[in-house]
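# Coordinates in review
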Amino acid sequence: MYNLNIQPITLPGLELKRPIIISGPCSAETEEQTLSTAKELAARGIRIFRAGIWKPRTRPGAFEGVGTLGLPWLKRVKEETGMFVCVEVATAHHVYEAVKYGVDMVWIGARTSANPFAVQEVADAIKGLDIPVLVKNPVNPDLDLWIGAIERINRAGITQIAAIHRGFSSYDQSEFRNHPQWQIPIELRRRIPELPIITDPSHIAGNRELLADLSQEAMDLNFDGLIIESHICPDKAWSDAKQQITPERLKEIVDNLVLRRPKIGEDTPRVTLDELRKQIDKLDDQLLDLLKERMKISEAIGKYKFENNITILQTRRYDELMNNRRDRGSQRGLDEEFITRIFESIHEESISRQNEIMNKALSKKQKPQE
Ligand code: PEP
Ligand code: MN
């Protein structure tokens, strides 16, 4: 389906085994913070160091990275710890600067991979270089756009590519900063099985409490590695402070990971029964979230009907709704009777919610004023 040539990432002298662990601060802030974080990580066996040098911030005025000034610090990290270093690049200038200072690997950030012009600029700059490129998912949940970014890099002659799953932004409030929508990286795996996928629980979570569970989840889904933000003094970080952890905590999370092997024989497909079940669990979670949202809206409708003296059941609307859902269901290959059963049940619950709201409002109104 895709004409890609993806080869395993090789870093000289480092055998990349699952899980690949990449860690380091969101941003390189000072030479001291960069070096001390790297040394603490190296002392705990971490071999690949990340640090943002140019930071794409949502709003102007926030810390936008130290820029080229920080690249010699990374050179020192390499020399003094033997770690491999990687940075985010978003422009041709970033690529040239990073390469000039001996950066070993680069990643394309979520805001950049959403923009084909920017990805193409990076791809053109990187042409002819032998450097692994990690491509984060775009901020919006668009798998084709993500694959498009990977294709652009691959067409520039880069074969050592991995995808980073960092979650997807959404306007809804949830426990996550960026909703994981695991079904998207799972579908990416189905479409391009040879492409390694690295999970970024830091940017999915937005807070350090969820990191361990998300990391385990990524391993249970058979993804290949983790990129986790760490900082010598997380609470003092200049960017993404809430989601950063100490190198010590990072080691703890990594040590506690349980790596389940796919059970079947050697030619085990990349997508196993466990993964398919997980996929179902995720989708059911989404169904439940949607039902919760739908019931909230039903309650708001109940309130509106009460205030405007409208009856709860509007037969014409009900008939239209059922016909419409059956049609739309059929278009998606879903059985009409099945859709009818589901929407009858949803509608029944919705009416009962509206009734509750009306009764509550009525008893409030009838209560004598104190
Ligand atoms: C980062 O890795 O620090 C970063 C800016 O991530 P993202 O592009 O996923 O928001
Ligand atoms: Mn960050």
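What counts, and where the lines are drawn
Residues numbered from 1 in each chain as written. Chains lettered and ligands numbered in written order. Predicted model: local features only at pLDDT ≥ 70, side-chain atom pairs only at ≥ 80, totals over all residues. Heavy atoms only, no water. Near = heavy atom within 4 Å. Polar contact = N/O pair within 3.5 Å; in protein donor to acceptor, adjacent residues only side chain to side chain. Areas by Shrake-Rupley, 256 points an atom, 1.4 Å probe, with all protein chains shown as cover. Nonpolar A, V, L, I, M, F, W, Y, C, P; charged D, E, K, R; others polar. Axes fitted to C-alpha atoms, helices over the stretch in contact; angles between N-to-C directions. Helix = DSSP H or I, 4+ residues; strand = E, 2+ residues; numbered from the N terminus. Parallel < 35°, antiparallel > 145°, perpendicular 65-115°, else oblique. Left-handed = near helix turned anticlockwise from the far one by under 90°. Contact = heavy atoms within 4.5 Å. Core = buried A, V, L, I, M, F, W, Y, C linked by side-chain atoms within 4.5 Å. Buried < 20%, exposed > 50% of the residue type's maximum accessible area, 1.4 Å probe, protein only. Pairing = 2+ DSSP bridges. Patch = residues over 30% accessible without salt bridge, like charges linked within 9 Å, V, L, I, M, F, W, Y side chains within 5 Å. Salt bridge = Lys/Arg side-chain N within 4 Å of Asp/Glu carboxyl O. Expected span 1.5 Å × (residues − 1). Arc of directions from axis to C-beta. Right-handed = clockwise from strand over helix to strand, strands pointing away. Disulfide = S-S within 2.5 Å. Domains from an automatic or database assignment. Buried area = accessible area lost by both parts, 1.4 Å probe.

Here we come to the site of ligand 1. As a structural note, the neighbourhood of ligand 1 is formed by C26, R50, K55, E88, W107, G109, A110, R111, K136, R166, H203 and E229. Contacts to ligand 1 include A110, whose backbone N or O atom sits 2.8 Å from an oxygen atom. The side chain of E229 places a nitrogen or oxygen atom 3.2 Å from an oxygen atom of ligand 1. Burial of ligand 1 by the protein amounts to 97% of the accessible area it has alone, namely 300 Å². Here the residues of the shell around ligand 1 are counted per class, giving three nonpolar, two polar and seven charged.

Moving on, we get to the packing of helix α1 (residues 31-43) against helix α2 (residues 71-81). The axes of two packed helices give the description: the angle between them and the distance between them. Following both chains from N to C, one finds α1 and α2 inclined at 30°, their axes separated by 10 Å at the closest point. Classed by the angle they form, the pair α1 and α2 counts as roughly parallel. For the pair α1 and α2, the sense of crossing is right-handed. Counting all contacts with α1, which are made through E31, T34, L35, A38, K39 and A42, the residues of α2 involved are W73, L74, R76, V77, E80 and T81. Of the residues that constitute the contact of α1 with α2, the class distribution is six nonpolar, two polar and four charged.

This next bit is on the nonpolar core. Grouped together as the largest cluster of nonpolar side chains are 69 residues, with contacts concentrated most on F49, V87, V106, I126, W146, I153 and L188. Per-element tally for this core: the top contributor is helix α6 (residues 143-155), with six residues. Among all residues touching I126, those that are not within four sequence positions of it are V95, V106, I131, V133, A156 and I158. Of all hydrophobic cores here, the second largest spans 15 residues; its members include L14, I22, C86 and L134.

The next subject is the sheet that holds strand β6 (residues 161-165). The strands making up a sheet are joined through hydrogen bonds of the backbone, oriented either antiparallel or parallel. Judged by pairing direction, the barrel is parallel, and its eight strands sit side by side in the order β1-β2-β3-β4-β5-β6-β7-β8 before closing back on the first. Neighbour to neighbour, the strand axes of the sheet diverge by 25° on average, direction disregarded. Note: strand β5 (residues 133-136) against β6, four bridges, orientation parallel. When the bridges of β6 are listed, K136 appears paired with I164. Sitting on the sheet, helix α9 (residues 211-220) touches β7 (197-199) and β8 (225-229), and the angle it makes with β8 is about 165°.

Residues L334, F338 and I342 make up a contiguous nonpolar surface patch of roughly 220 Å² in combined accessible area. Mapping I342 onto the fold places it in helix α13 (residues 336-366). For I342, a relative accessible area of 32% corresponds to the partly exposed category.

All right, on to helix α12 (residues 315-331) then. For α12, which comprises 17 residues, the first-to-last C-alpha distance of 24 Å matches the rise-based estimate of 24 Å (1.5 Å per residue) to within 8%. Considered for burial, the residues of α12 that qualify are L321, M322 and G329. Angular distribution of buried residues about the axis of α12 spans 95°; they occupy a single face of the element. Facing away from the buried surface of α12 by more than 90 degrees, the exposed residues are R316 and Q331.

Take the pairing of strand β3 (residues 84-88) next. By the criterion of burial, β3 is predominantly enclosed, with five of the five residues buried. Both faces of β3 are covered, namely the face carrying F84, C86 and E88 and the face carrying V85 and V87. As paired strands, strand β2 (residues 48-50) and β3 are joined by three bridges and run parallel to one another. Within β3, the position partnered with F49 by the bridge is V85. Handedness of the crossover joining β3 and strand β4 (residues 105-108) through helix α3 (residues 92-100): right-handed.

Tallying each qualifying case throughout the model produces zero disulfides. Here C86 is not disulfide-linked; the sulfur of C26 is the nearest cysteine sulfur, at 13 Å. Counting only cysteine sulfurs, C26 is the nearest neighbor of C233, a cysteine outside any disulfide, at a range of 15 Å.

As far as domains go, the chain holds domain 1 (20-271) and domain 2 (275-366). Its C-alpha centre places domain 1 at a distance of 40 Å from the equivalent point of domain 2. Facing the 10 residues of domain 1 at the interface are six residues of domain 2. Roughly 870 Å² of surface becomes buried between domain 1 and domain 2 when both sides are summed, with 59% attributable to carbon and sulfur atoms. Across the domain 1-domain 2 interface, the total number found is two salt bridges. For the salt bridge of K278 with D220, the shortest nitrogen-to-oxygen distance reads 3.8 Å. In this structure, the connection of domain 1 to domain 2 is made through two residue pairs in polar contact (both at pLDDT 80 or more). Those elements that place two or more of their residues in the side of domain 1 that touches domain 2 are α7 (183-191) and α9. Looking at the side of domain 1 that touches domain 2 residue by residue, the class counts come to four nonpolar, three polar and three charged.

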